[in-house]
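Structural overview
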Amino acid sequence: MVLYRKYRPKSFSEVTGQEHIVETLKNAVAGNLLSHAYLFSGPRGSGKTTLARLLAKAANCESARGPTKGEPCNACSSCEEINRGRAIDLVEIDAASNRGIDEMRELRDSVAFVPAKLKYKVFVIDEAHQLTKEAANALLKTLEEPPAHVLFILATTEAHKMIPTIASRCQRFDFRKLTVPEISGKLAEVTKAEKASVNKEALQLIALNAGGSLRDALGLLDKVLTFYSILDTKEPIGAAVIKDLLGLVDINLVGEFVQLLADKKAGEAIDFLNKNLQAGMDPQEFSKNLVRYLRHTLVLSINPELSHIFESELTPEQLERMVQQASQFSKDLLPNIVENFMRAEQEMKYASIVQLPLELAIVESCAKGLPADKVGE
Ligand SMILES: Nc1ncnc2c1ncn2[C@@H]1O[C@H](COP(=O)(O)OP(=O)(O)OP(=O)(O)O)[C@@H](O)[C@H]1O
Ligand SMILES: [Mg+2]
Ligand SMILES: [Zn+2]
């Protein structure tokens, strides 16, 4: 079984991040204060479907309104049925593939009947923004007068594409991207449970490349562990293995390069670039990472407090270093430098000497604001 399925949380306490959503839902279950319709919106792999299933389970659990205080007990018959994927009263509709009005009509009709076994009939509608207009209208009719035994949970990555009349009938929760520490923490738990040994730096590197999605992070970890299992070694997996395997460029390397730009050391920057290319660094991957790094620097140079924007892409230590570096660039020149390297990234695709556009960008970025005779020092 793939890791992200195997480690899908079975109770609210196992959910990573999204604290305010988890708390509110648990309290609503415990206090018997559930709404009839919820809208979970937010980035991919952040826990929407996971929490929709947890809510379906908690709402139907025999203990959640009592002793377990909002948590599904995972022991009663309805919890078990849902855990085994056998509950006929839990209907999951993927609007991306089932866009048809027929499903919604069927839904509208079946809504009228009381649940077969569970307390609530729960409809989880994934990718809800992709419902066709007709299907959405059929759903809307149901949402206008929902029977007491029905619970709707709509999930979407694109809330702005939802029909407003539907969205306004739901209690809305906005999920956020998971941060690097949250993701690497979860990865550490999973590797331990899998009895694999992956060092902290390596896990952090995976987290950094997951774009805030725990599903993607677990997918990357899957690849790494599969690779590890065919290697016959007891050595813990380190960052170097991850970089090779996933074709990643080390962010510290990019940081060193940017420091040379900040110091206006054109000659050293060109030397650094060529040495690393000779050592096998991928030029496209490098320039992609460089532009991303410079974007961070640019934003942080406006105000270090904007670092919250990058919490899912950078570790706290990296953020601190970038804030420090950002202050070393002159504010008027930084936009030019970003532009130079953005252009280089494009031009590299057609250049016969692949690093030449980068070298030009280095020279231009280090020349401005310095007397000509100092360039290259
Ligand atoms: N907040 C989270 N806490 C714990 N595990 C999570 C969380 N978010 C995602 N996961 C892991 O990633 C997997 C996929 O998550 P989920 O299906 O809930 O994402 P999603 O938000 O519905 O994404 P999508 O928009 O792509 O459908 C889960 O099985 C689980 O292993
Ligand atoms: Mg989902
Ligand atoms: Zn239960």
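Note that the coordinates shown come from a computational prediction; the quantities given were computed from them, not determined experimentally.

1. A few points about the overall build of the protein chain
- In terms of regular secondary structure, the protein chain is built from 17 helices and five strands.
- Along the first, second and third principal axes, the C-alpha set of the protein chain runs to 85 × 50 × 35 Å.
- The buried share among the 377 residues of the protein chain stands at 50%.
- When contacts within the protein chain are restricted to residue pairs at least 6 apart in sequence, those whose partners lie at least 24 apart make up 74%.

2. Regarding the coordination of the zinc ion (ligand 3)
- Only Cys61 (SG), Cys73 (SG), Cys76 (SG) and Cys79 (SG) from the protein reach the zinc ion (ligand 3) as donors, at distances of 2.3 Å.
- Taken together, the four donor atoms coordinating the zinc ion (ligand 3) and their angles of 100 to 119° define a geometry best described as tetrahedral.
- Assessed through its relative accessible area of 0%, Cys61 is described here as buried.
- Take Cys76: its relative accessible area is 8%, and that puts it in the buried class.

3. Concerning helix α13 (residues 266–278)
- Spanning 13 residues, α13 covers 18 Å between terminal C-alpha atoms, matching the ideal 18 Å at 1.5 Å per step.
- Regarding α13, the residues found buried are Ala266, Ala269, Phe272, Leu273, Asn274, Asn276 and Leu277.
- Where the residues of α13 are buried, they touch α12 (251–262), α14 (283–302) and α17 (356–367).
- One or two steps after α13, the chain reaches Gly280, where phi turns positive at roughly 105°.

4. Re the packing of aromatic side chains
- Taken as a whole and judged by the stated rule, the model has eight aromatic pairs.
- Relative to Phe173, the ring of Tyr38 lies with its centre 6.0 Å away and its plane at 15°, an arrangement referred to as stacked. Separated by 135 residues along the polypeptide, Tyr38 in strand β1 (residues 37–41) and Phe173 in strand β5 (residues 171–174) bring together distant segments of the chain. We note that Tyr38, like Phe173, is buried.
- Relative accessible area serves as the criterion here: at 6%, Phe173 is assigned to the buried category.
- Three or more aromatic residues joined by ring pairs form one cluster here, namely Tyr38, Phe40, Phe173 and Phe175.
- The ring of Tyr4 has Arg215 lying over it, and the distance from NZ or CZ to the ring centre is 5.7 Å.

5. Quick look at the site of ligand 1
- For ligand 1, the set of nearby residues contains 19 residues, the closest of which are Tyr4, Gly45, Lys48, Thr49 and Thr50.
- Within the contact set of ligand 1, a nitrogen atom lies 3.0 Å away from a backbone nitrogen or oxygen of Gly47.
- Protein coverage of the free-state accessible area of ligand 1, which is 630 Å², stands at 95%.
- Those elements that provide at least two residues to the shell around ligand 1 are α3 (48–60) and α10 (214–230).
- Its residues placed into classes, the shell around ligand 1 shows eight nonpolar, seven polar and four charged.

6. Considerations on the side chain of Asn60
- Among the structural elements, Asn60 can be located in helix α3.
- At 2.9 Å, the side chain of Asn60 forms a polar contact with the backbone nitrogen of Lys119.
- Apart from residues no more than four positions distant in its own chain, Asn60 is found in contact with Ser78, Ile82, Leu118, Lys119, Tyr120 and Val122.

7. A short note on the pattern of salt bridges
- Applying the stated criterion across every chain yields a total of 13 salt bridges.
- We note a salt bridge from Arg53 to Glu92, for which the minimum N-O separation is 2.8 Å. Of the two residues, Arg53 sits in helix α3 while Glu92 sits in strand β2 (residues 90–94), which places them 39 residues apart along the sequence.
- Note on Arg53: relative accessible area 29%, which makes it partly exposed.
- The class of Glu92 is partly exposed, set by a relative accessible area of 37%.

8. Side note on the domain arrangement of the protein chain
- Taken domain by domain, the protein chain holds domain 1 (3–174), domain 2 (180–246) and domain 3 (251–374).
- Here the C-alpha centre of domain 2 lies 31 Å away from the C-alpha centre of domain 1.
- Of the roughly 1200 Å² buried between domain 1 and domain 2 on both sides combined, carbon and sulfur atoms contribute 53%.
- Remark: the boundary between domain 1 and domain 2 carries two salt bridges.
- The salt bridge involving Glu194 is made with Lys6; its shortest N-O contact spans 2.7 Å.
- Where domain 1 meets domain 2, there are five residue pairs in polar contact (both at pLDDT 80 or more).
- If one sorts the elements of the side of domain 1 that touches domain 2 by residue count, helix α1 (residues 3–6) sits on top with three residues.
- Among the residues forming the side of domain 1 that touches domain 2, the class breakdown is three nonpolar, three polar and four charged.

9. As for the sheet that holds strand β4 (residues 150–156)
- Read across the sheet, five strands follow the order β2-β3-β4-β1-β5 without closing on themselves; strand pairing throughout is parallel. Only two strands of the sheet have a single neighbouring strand rather than two, namely β2 and β5. Taken pair by pair, the neighbouring strands of this sheet meet at an average axis angle of 15°, ignoring direction.
- Judged from the four bridges that link them, β1 and β5 form a sheet pairing that is parallel. Paired with Leu39 across the bridge in β5 is Arg172.
- Along the sheet, α3 makes contact with β1, β2, β3 (121–126) and β4, crossing β4 at roughly 170°.

What counts as what
Residues numbered from 1 in each chain as written. Chains lettered and ligands numbered in written order. Predicted model: local features only at pLDDT ≥ 70, side-chain atom pairs only at ≥ 80, totals over all residues. Heavy atoms only, no water. Helix = DSSP H or I, 4+ residues; strand = E, 2+ residues; numbered from the N terminus. Buried < 20%, exposed > 50% of the residue type's maximum accessible area, 1.4 Å probe, protein only. Contact = heavy atoms within 4.5 Å. Donors = N, O, S within 2.8 Å, 3.2 Å for Na, K, Ca; no water. Tetrahedral: all angles 85-135°; square planar, octahedral: opposite > 155°, others 65-115°. Expected span 1.5 Å × (residues − 1). Phe/Tyr/Trp six-rings, centres within 6.5 Å; stacked < 30°, edge-to-face > 60°. Lys NZ or Arg CZ within 6 Å of the ring centre and 35° of its normal. Near = heavy atom within 4 Å. Polar contact = N/O pair within 3.5 Å; in protein donor to acceptor, adjacent residues only side chain to side chain. Areas by Shrake-Rupley, 256 points an atom, 1.4 Å probe, with all protein chains shown as cover. Nonpolar A, V, L, I, M, F, W, Y, C, P; charged D, E, K, R; others polar. Salt bridge = Lys/Arg side-chain N within 4 Å of Asp/Glu carboxyl O. Domains from an automatic or database assignment. Buried area = accessible area lost by both parts, 1.4 Å probe. Pairing = 2+ DSSP bridges. Axes fitted to C-alpha atoms, helices over the stretch in contact; angles between N-to-C directions.

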